[in-house]
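Geometric and topological summary
Each chain, written out:
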Amino acid sequence: MITNTETLIRSKWRTGFILLLASCLLSACVSEKVRVVNKTQALQAQEEIPEHLLLDVGIRVFDPGIPEDESTWEKKNVYPAVRRAESRYVPYTLKDTMQRTAQWGSIWVVPRDSNGVDVSVSGEVLVSDGETLALHVHVVDSTGRVWLDKEYSGAASKYSYHDELKLALDPFQNIYNQIANDMVRARQGLSDKQVENVRTIASLKFATEFSPDAFDTYLVKDRKGILSVNRLPAPDDPMMGRMFQIRDREYMLFDVLDEHYGNFHQSMDGPYENWRKYSYEETIARREVAESATRRKLLGAAAIIGGLIASQNSNSSAASTASTAAVLGGIAAFKSGMDRAAETRIHEDALKELATSLEAEVRPMVVEVEGNTVELTGSAEAQYEEWRKILRQILQRLMKPSPGCQIKQGLV
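Residues numbered from 1 in each chain as written. Predicted model: local features only at pLDDT ≥ 70, side-chain atom pairs only at ≥ 80, totals over all residues. Heavy atoms only, no water.

1. Focus: the overall build of the protein chain
Put simply, the rule reads: Only runs of H or I of at least four residues qualify as helices and only runs of E of at least two qualify as strands under DSSP, and these elements are numbered from the N terminus. Per-residue accessibility, obtained with a 1.4 Å probe over protein chains only, is compared with the maximum for each type, and a residue is labelled buried under 20%, exposed over 50%, and partly exposed between these values. Residue contacts are defined here by distance: any two heavy atoms, one from each residue, within 4.5 Å place the two residues in contact. The accessible surface values rely on the Shrake-Rupley method and a 1.4 Å probe; as for residues, cover is taken only from the protein chains in view.
A count of helical and extended segments in the protein chain gives 8 helices and 10 strands. Here the protein chain, with 412 residues, has 43% of them falling under the buried criterion. Considering only contacts within the protein chain whose residues lie at least 6 apart along the sequence, 75% involve residues at least 24 apart. For the protein chain, the exposed surface amounts to about 21,600 Å²; the carbon and sulfur share of it is 52%.

Right under this line is the structure:
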């Protein structure tokens, strides 16, 4: 038979243990994670690559990765204005990285996929909060051969945003170097003949797009969707000569649009760096507050339950006092957790304020076609679509002698 003394001892022990556990966990310090950021260097060309083996690359504006369900935006740290700006900023940073390696021909950031390039890069921003960047990247050459289809992610070092110790490169430069290196390795896996074939097929794909009746028999596709050359046009084929003129005009617009993306990248640098810095701090603070709030609420609930159980198993006034203290302490801890949860909302609101619009509109571009001035307006994507329509008109006019066309002035 259990005596009153034994009951009292057990009750005190349970209550004391619960309170001790709550006290220890509630006062526990949050340990800081030390991130070691990998230092991947971009692979540089060791010798000059012959021009006929240099592949031209088009990096399409990325998908901003904005979920359709708006209710998930805050939880996933998605701020549409910033994401749309990042969808232009990230491709240009990748372009700069690749350009510095001297491994490629021309590299452009383009509004959408184009058959005028040898290699097409597209991607999506999966996560971006200043602390973490995650991208999905897809790379395919003109034959349809997939070079890359993978996710890249990395964490910024806290020193990336330190005013005095701030690193010179992008906080996530490691990711861009990895992508560039994987692309170089994919190209190195091709023979010189295969590289030349990629260039030839790109030219024929572009020609087929603009004049399918004349060129649709030049390429064939196998069961895997890979293109190969069925036959080649004659070296002096006048129609192919016109297609090269059209493609040159496509490249002319690419140069102008690429300059726009470059200006946007430069103008975004300062505001975006500040946004990432504060977003980094807010993201970490919000996570620590959320973890603290959850811990306090769980332990508070545990103390309340423990106190109630202790009170039911004891008839002594001392045990009753201890159990009441446990319940009151639990209530206080639970309320503290609720208060901490409210702090999370403050940090979320701060992130919203930081996510000011970083977007820039493309100014109208004036194009002169056969003496007639045409103004391209709207976004870069819209201007590109307008330009493609004009290229088809130019092709028809190239069938007879004409003054041609030129971009009279770039961004005004």
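2. Examining helix H8 (residues 380-398)
Inclusion rule: A helix is expected to span 1.5 Å for every residue after the first.
Between its first and last C-alpha atoms H8 spans 26 Å; for 19 residues at 1.5 Å apiece the expected length is 27 Å, and the two agree. Ala380, Gln383, Tyr384, Trp387, Arg388, Ile390, Leu391, Ile394, Leu395 and Leu398 are the residues of H8 that are buried.

3. Digging into the sheet that holds strand E2 (residues 107-110)
Just so we agree on the cut-off: Note on pairing: two strands pair once DSSP finds at least 2 bridges between them. Working convention: axes come from line fits to C-alpha atoms, limited for helices to the stretch in contact. Angles between N-to-C directions cover 0 to 180 degrees.
Sheet architecture is open: 5 strands sit in the order E2-E1-E3-E4-E5, paired in mixed fashion. Each end of this open sheet is capped by a strand with a single partner; those strands are E2 and strand E5 (146-155). For this sheet, the mean inter-axis angle between neighbouring strands, taken without regard to orientation, is 20°. Pairing analysis gives 3 bridges linking strand E1 (residues 57-60) to strand E3 (residues 119-128), with the strands arranged parallel. Bridged to Val57 within E3 is Val119. Sheet contacts for helix H3 (residues 173-188): E1, E3, strand E4 (132-141) and E5; angle to E5, the most-contacted strand, approximately 160°.

4. Considering the packing of aromatic side chains
To be explicit about the condition: Aromatic pairs are defined between Phe, Tyr and Trp rings, using the six-membered ring for Trp, whenever the two ring centres lie within 6.5 Å; interplanar angles under 30 degrees are classed as stacked, those over 60 as edge-to-face, and all others as tilted. Charge over a ring is defined by NZ of Lys or CZ of Arg lying within 6 Å of the ring centre and within 35 degrees of the ring normal.
Under the definition given, this model contains 7 aromatic pairs. Relative to Trp147, the ring of Trp104 lies with its centre 6.2 Å away and its plane at 35°, an arrangement referred to as tilted. Remark: Trp147 occurs in strand E5 and Trp104 occurs in the loop between helix H2 (80-99) and E2; sequence separation between them is 43 residues. For the pair formed by Trp104 and Trp147, the shared burial category is buried. Lying across the ring of Trp104, Arg187 places its NZ or CZ 5.3 Å from the centre.

5. A look at the side chain of Arg388
This is how the line gets drawn: Identification of polar contacts relies on pairs of N or O atoms within 3.5 Å, with a donor-acceptor requirement for protein atoms, meaning one able to donate a hydrogen and the other able to accept it, and with residues adjacent in sequence counted only if both atoms are side-chain atoms.
Here Arg388 is to be found in helix H8. Separated by 2.6 Å, the side chains of Arg388 and Glu250 make a polar contact. Excluding its chain neighbours within four sequence positions, the residues that come into contact with Arg388 are Arg112, Ser114, Phe206, Glu209, Phe210 and Glu250.

6. Considerations on the pattern of salt bridges
As a reminder of what qualifies: The salt bridge criterion pairs a side-chain nitrogen of Lys or Arg with a carboxyl oxygen of Asp or Glu, the two atoms within 4 Å.
Going through the model one piece at a time under the given rule, you end up with 10 salt bridges. Asp182 is the salt-bridge partner of Lys150, the closest N and O atoms lying 3.3 Å from each other. Linking Lys150 in strand E5 with Asp182 in helix H3, this pair joins segments that are 32 residues apart in sequence. Its relative accessible area of 36% is what places Lys150 among the partly exposed residues. For Asp182, a relative accessible area of 17% corresponds to the buried category. Salt bridges here are not isolated pairs; linked through shared partners, they connect Glu209, Glu250, Arg388 and Arg392.

7. Observations regarding unusual backbone geometry
Of note in this structure, Ala102 is not a glycine but carries a positive phi near 60°. Along the chain, the position of Ala102 falls in the loop between H2 and E2. Exposure remark for Ala102: the relative accessible area of 47% places this residue in the partly exposed category.

8. Considering the pairing of E2
The following threshold applies: Orient the strands so they point away from the viewer, and a crossover whose first-strand-to-second-strand path over the helix runs clockwise is right-handed.
Neither face of E2 is left uncovered, since the one carrying Ile107 and Val109 and the one carrying Trp108 and Val110 both have all their residues buried. Two elements, E1 and E2, share 4 bridges in a ladder whose sense is parallel. Paired with Ile59 across the strands is Val109, a residue of E2. In the classification by handedness, the crossover that spans E1, the intervening H2 and the parallel E2 is right-handed.

9. Focus: the environment of Thr132
Along the polypeptide, Thr132 turns up in strand E4. Once residues lying within four places of it in the same chain are set aside, the contact partners of Thr132 are Val127, Gly154 and Phe172.

10. Section: the pairing of E5
Note that E4 and E5 share 9 bridges and pair antiparallel. Bridging from a neighbouring strand, Val140 pairs with Val146 of E5. Count of turn residues in the E4/E5 antiparallel hairpin: 4 residues, of which Gly144 carries a positive phi of about 100°.

11. Things to note about the packing of helix H4 (residues 192-210) against H8
Using the following cut-off: Reported orientations rely on four angle classes, namely roughly parallel under 35 degrees, roughly antiparallel over 145, roughly perpendicular from 65 to 115, and oblique for the rest.
Viewed as axis vectors pointing N to C, H4 and H8 meet at an angle of 85°, and their least axial separation amounts to 11 Å. Of the possible angle classes, the one that applies to H4 and H8 is roughly perpendicular. Counting all contacts with H4, which are made through Phe206, Glu209 and Phe210, the residues of H8 involved are Arg388, Leu391, Arg392 and Leu395.

12. As for the confidence of the model for the protein chain
Worth spelling out the cut-off: pLDDT is defined as a per-residue confidence score from the predictor, taking values between 0 and 100.
Overall, the prediction assigns the protein chain a mean pLDDT of 76, with 64% of residues at 70 or greater. Contacts of residues 21-34 to residues separated by more than four positions or lying in other chains number 9 contacts, the stretch itself having pLDDT below 50. Here residues 354-361 is modelled with pLDDT under 50, and outside its nearest four sequence neighbours on either side it reaches 23 contacts, counting other chains as well.

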